[in-house]
Structure formats: C-alpha cells, structure tokens
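Tertiary structure, described
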Amino acid sequence: MEQQVQKKRIFSGIQPTGNLTLGNYIGALRNFGLLQDEYDCLYSIVDLHALTVRQNPTELRKACLRTMSIFLASGLDPEKNIIYFQSQVPAHAELGWLLDCYTYMGELSRMTQFKDKSAKHADNINCGLFAYPVLMAADILLYQADLVPIGADQKQHLELCRDVAERFNGIYGDVFTIPEGYFPKVGARVMSLQEPTRKMSKSDPEDTYIAILDKPDVIRKKIRRAVTDCDNTVVFDPENKPGVANLMSIMSALSGRTMDEISADYNGLGYGKFKDAVADCVIATLEPIQAEYERISADKAYLQQVMDSGRERASAIAHKTMLKVRKKLGIAPWKL
Ligand code: TYM
C-alpha cells in the first residue's frame, strides 16, 4: 500500500498594524502563497504582538480584518492553509509565559528590534515589548513548525526561538521541532524609498513605503520620488547606489529577472524610464490583489467563516503541543 508522506509544516505571522507594505509582500506574504501546495501551513494575524505598542481598538479591529482580507486576496487558499487570529488561540499566550521562564534577560536585551522599538516608543517600554520574541517563539513552536518564511529583519528572532527550543529540549527531551528560516533569494530586505539604507517599514511616514493597497497613481508617484543618486546608471551596487539597488531588487523579486538582465535593459535610458518600468512592475503585481481585496473584504460572512474555521483547526494542533508541554513540566491536567 502506498504510504502517505506527512507534509512538513510552515508557520508565519504578520502584525496587523498600519498598512501592509511591499516589503511585507516580497519578504513574506508572496512566499506564503508559493509554499502552500508543498507544505502544511499556518498563517496568523498576530494581534497580540501588535499590542506591544498602543493601539486604537477600533483601528486595530479594522486592521485585523484588512490583514486577513489581504492574506486571502494575495492568493492564500483557506482550505489548504490555516488562516487565523493569534489572540483567538489562547495557547499562544500560555506557551509564551512558559517559555519566558526559559529565556534570559540578557538574550532579550540583545534583540535589535527591541532596541529600535524602545527608542521609538520611549514613553512605553513595556514588558510585552521586551518579551515579544518569546511570544514569537511560542507561535512557531506551538505548531511544531519546520519552516518559517520571513524577511531578513526577523532572522535574529528566529535564532532566539531555536535557542530557546533547544534549551527546552535539552532539559525535557524532544518536545519541540527546531525550525529553519525561509528567506526570499531577492528582496529579503526591501528598503525605504526615501532612506534606502533603512528597511521599508509600515510604521514610517507614508512616502517611504508602498502599501499593498496603494492605488496605481500613488505607487507611480512614490517610485518617481524615490531617492536614487546622480550618476544615472542602472547598475546593482547596494553599497554605493542603495536607492537604485533597492528598485532593482524590487523589480527582480517581482519579475524574476536577474540584476544583469535589468541592467542590460535599462542602463543608459535614464532614471525616469527605469522608475516607470519599476512602477509598472509593482502595479501589475498589486492591481489584481487589490481587485480581489475589494471583493473579499466586502464579504463578511466569508471572512467570519475563514476566521472560525482557522481558529478551530489551529486550536486542535496547539492543544496537542500544550498537553505534551504540560506533562513534561509537571503541571496539570494530571490523571489522578
Ligand atoms: P512584521 O509584521 O513586522 O512583518 C511581517 C513579515 O514581513 C517581513 N518584512 C519585510 N521583508 C522584507 N523587507 C521589508 N522591508 C520587510 N518588512 C517586513 C518580516 O520579516 C515578516 O516576515 N515578529 C513578526 C511577526 C511574527 C512572526 C511570528 C513571524 C510574530 N510571530 C512567528 C514569523 C513567525 C513581525 O513583526 O513581522
């Protein structure tokens, strides 16, 4: 009899804060769609993580639904993938707490995202912000994920997750699968359009990023205004020409063309023509997603159904891990 091979598991999450950007799409979301046939995937809207900075409840609710609609609009099939809200599966918070007890303050204080965010939100350096990577580790380990598709900025967090899991396994035996990162070959770090030495971020001013839902004329305007340099050559040189390199990476990631091919096509034509071609490429990618988004986000019954089924399917897997963890730690439920 033919034996069914168990698919490997993927977990990834995106915070529902502000507008999802082209960086989120190229760094993570696009890979989610590409991997959905080969793997058993869970994709979470990590609303608990979003609470590490102050959120307006009405806006957060809207952003959560918007994020779920974008997941679906970008081609994630809710039958093949488990798409759900992190806060609806309480085991995330529970395992997060348990793993807090196996993570050192020193490890967390080395996290660059914590340093950046605490500088940005100096009036609200809360414990959640500090323990953020532990909750992220819990997200991944709860589902025994083999692979985690993320952008380069999350690499340090994934390494911490692996360290904590190995520490835990070292004490209690094989409890958690040790996950690997999965990074895009091009575009693992899409840069700001205005300051191309910083990553594109949804928490920065609007002209620095392209939102997945930006309309074509806005996209074109933002790309035309993107910072480049004054030597007018389309050559891939991230060190000396970070602005041009960023636009080339965006084009390469979306079109599949190599840097050499892009350079051969556009070098010598001037930045105006090159930028227009990059804008065409971004618009061609995002326009169909936006059309799907309009349709899906208006269908509340469908969203409700995806949300409910995602919660149930995720909870069932999480429950199994929690039973194992509780047993190892010696906490209830026991069989008396
Ligand atoms: P978040 O919400 O900041 O970003 C979501 C995903 O997008 C990637 N990304 C980028 N990739 C390339 N270029 C950029 N400029 C760029 N900006 C963002 C991020 O690397 C990420 O993959 N902590 C995570 C969310 C999270 C998570 C998890 C991820 C929580 N639990 C478990 C994986 C597994 C975050 O803040 O992502």
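Predicted, not measured: the structure shown is a model, and the values here were computed from it. (Residues numbered from 1 in each chain as written. Predicted model: local features only at pLDDT ≥ 70, side-chain atom pairs only at ≥ 80, totals over all residues. Heavy atoms only, no water.)

**Regarding the overall build of the chain**
Broken down by element type, the chain carries 13 helices and 5 strands. In terms of overall dimensions, the chain is globule-like: its C-alpha atoms have a radius of gyration of 21 Å, near the 20 Å expected for 336 residues. Each of the three principal axes of the chain carries a C-alpha extent, and together these read 80 × 50 × 45 Å. Looking at the chain as a whole, 50% of its 336 residues are labelled buried. Sequence separation of 24 or more characterises 76% of the internal contacts of the chain that already satisfy a separation of 6 or more. Entry remark: accessible area of the chain is about 16400 Å², with carbon and sulfur atoms responsible for 52%. The average position of the 41 basic charges and that of the 42 acidic charges among the side chains of the chain differ by 4 Å. (Helix = DSSP H or I, 4+ residues; strand = E, 2+ residues; numbered from the N terminus. Rg over C-alpha atoms; globule rule 2.2 N^0.38 Å. Buried < 20%, exposed > 50% of the residue type's maximum accessible area, 1.4 Å probe, protein only. Contact = heavy atoms within 4.5 Å. Areas by Shrake-Rupley, 256 points an atom, 1.4 Å probe, with all protein chains shown as cover. Lys, Arg positive; Asp, Glu negative; His and termini not counted. Charge placed at Lys NZ, Arg CZ, Asp CG, Glu CD.)

**Overview of the pairing of strand S2 (residues 40-45)**
Among the 6 residues in S2, 5 count as buried, and that is most of the element. Bridge count for strand S1 (residues 9-14) against S2 is 6 bridges, and the pairing is parallel. Bridging from a neighbouring strand, Ile10 pairs with Cys41 of S2. Handedness of the S1-helix H1 (residues 22-35)-S2 crossover: right-handed. Inspection of the sheet shows S2 paired to strand S3 (residues 81-85) by 5 bridges, in the parallel sense. Across the sheet, the residue bridging to Ser44 is Tyr84, located in S3. (Pairing = 2+ DSSP bridges. Right-handed = clockwise from strand over helix to strand, strands pointing away.)

**Considerations on the side chain of Thr67**
Take Thr67: it is sitting in helix H3 (residues 57-73). Relative accessible area serves as the criterion here: at 2%, Thr67 is assigned to the buried category. Excluding anything up to four places from it in sequence, Thr67 contacts Pro16, Leu20 and Ile45.

**Looking at unusual backbone geometry**
In the segment running from Ala332 into Pro333, the intervening peptide bond is cis, with an omega of 10°. Look at Gln144: it is not a glycine, yet its phi comes out positive at around 55°. In this fold, Gln144 is placed in the loop between helix H7 (127-142) and strand S4 (147-149). Even without being glycine, Asn232 reaches a positive phi, approximately 55°. Checked against the element boundaries, Asn232 lands in the loop between helix H9 (216-224) and helix H10 (242-255).

**Here we look at the pairing of S3**
In terms of burial, S3 is a largely internal element, 5 of the 5 residues being buried. Side chains of S3 alternate between two faces, with Asn81, Ile83 and Phe85 and Ile82 and Tyr84 buried alike.

**Considerations on the packing of aromatic side chains**
The geometry of two aromatic rings is summed up by the distance between their centres and the angle between their planes. Here the structure, examined in full by the defined rule, presents 10 aromatic pairs. Ring centres of Phe114 and Phe130 lie 5.0 Å apart, and the angle between their planes is 70°; this geometry places the pair in the edge-to-face category. One end of the pair, Phe114, is in helix H6 (residues 112-120); the other, Phe130, is in helix H7, with 16 residues separating them in the sequence. Grouping aromatic residues by their ring pairs yields a cluster made of Tyr102, Phe168, Tyr172 and Phe176. The ring of Phe183 carries the charged tip of Lys155 above its face, separated from the ring centre by 6.0 Å. (Phe/Tyr/Trp six-rings, centres within 6.5 Å; stacked < 30°, edge-to-face > 60°. Lys NZ or Arg CZ within 6 Å of the ring centre and 35° of its normal.)

**Quick look at the nonpolar core**
Judged by nonpolar contacts, the single largest core of 62 residues is most densely connected at Leu22, Leu29, Met68, Phe71, Phe274 and Val282. With 12 residues, helix H12 (residues 271-297) is the single largest residue contributor to this core. In this structure, Leu29 is in contact with Ile14, Leu20, Asn24, Ile70, Phe71, Ser74, Leu76 and Ile212, ignoring residues within four places of it in sequence. Phe11, Leu129, Ala137 and Ile317 belong to the second-largest nonpolar core, a separate cluster that totals 40 residues. (Core = buried A, V, L, I, M, F, W, Y, C linked by side-chain atoms within 4.5 Å.)

**Some points on the site of the ligand**
In the vicinity of the ligand there are 26 residues, among which Tyr132, Asp139, Gly151, Asp153 and Val190 approach most closely. Here a nitrogen atom of the ligand and a backbone polar atom of Met200 are 2.9 Å apart. Elements with a contribution of two residues or more to the shell around the ligand: S1, H1 and H7. Broken down by class, the residue content of the shell around the ligand amounts to 12 nonpolar, 10 polar and 4 charged. (Near = heavy atom within 4 Å. Polar contact = N/O pair within 3.5 Å; in protein donor to acceptor, adjacent residues only side chain to side chain. Nonpolar A, V, L, I, M, F, W, Y, C, P; charged D, E, K, R; others polar.)

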